[in-house]
Amino acid sequence: MLRKRQSKKRNLLTMVPLLERRVSLEHDSSETTFLVIQRTNFVERITIRFFKQPSVRRIKLDKFGAFAIQQMEFQRNVNQISEAMSEHFGEEAEPALPRLMKFLEILEVHDWIIWDVDEEK
């Protein structure tokens, strides 16, 4: 008989999102925050060289996204980031956890974050 593969169930609230090496945070002089992504794969390098495309992608973040990325740099887990958002922005950030989860989902789909499992319970 074939056995079903047992997958480990992980609690997303205890996982730590970390930015990929090619992704960084940049602050502009006008209090605007950008996510800067290096274009490093083969096809992108070809387009940069032959079609004079920019070598980085700059994505403008709103204040909630910028705050979440800053918290990621301190290596905080998802629950701690959500609590910090609620504390910093108050009612304006509510619902903080679903908003944060959607933001992290978008970052994960584009491979701009990696997950580290926090050992604390």
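For clarity, every value in this text was computed on a predicted model and none was experimentally measured. Positions within a chain are numbered from 1, following the residues in the order the chain's sequence is written. Note on the predicted model: pLDDT of at least 70 is required for a residue's local features to be given, and 80 or more for side-chain atom pairs to be given and counted; whole-chain, interface and lining totals, by contrast, use all residues. Hydrogens and water are ignored here; the side-chain numbers use all heavy atoms of the structure.

(A) Broad picture of the pattern of salt bridges. One speaks of a salt bridge when a side-chain nitrogen belonging to Lys or Arg is within 4 Å of a carboxyl oxygen belonging to Asp or Glu. Counted by the stated rule, this structure contains four salt bridges. For Glu92, the salt bridge goes to Lys63, with nearest N and O atoms at 2.4 Å. Linking Glu92 in the loop between helix 3 (78–89) and helix 4 (96–109) with Lys63 in helix 2 (residues 63–73), this pair joins segments that are 29 residues apart in sequence. Remark: exposure states derive from per-residue accessible area (1.4 Å probe, protein chains only) relative to the maximum for the residue type, with buried under 20%, exposed over 50%, and partly exposed in between. For Glu92, a relative accessible area of 44% translates into the label partly exposed. Relative accessible area serves as the criterion here: at 43%, Lys63 is assigned to the partly exposed category. A salt bridge links Glu105 to Lys102, with the shortest nitrogen-to-oxygen separation between them at 3.7 Å. Here Lys102 and Glu105 lie together in helix 4, a separation of three residues that amounts to about one turn. By relative accessible area, which is 45% here, Lys102 ends up partly exposed. Secondary structure elements follow DSSP: runs of H or I of four or more residues count as helices, runs of E of two or more count as strands, with numbering from the N terminus.

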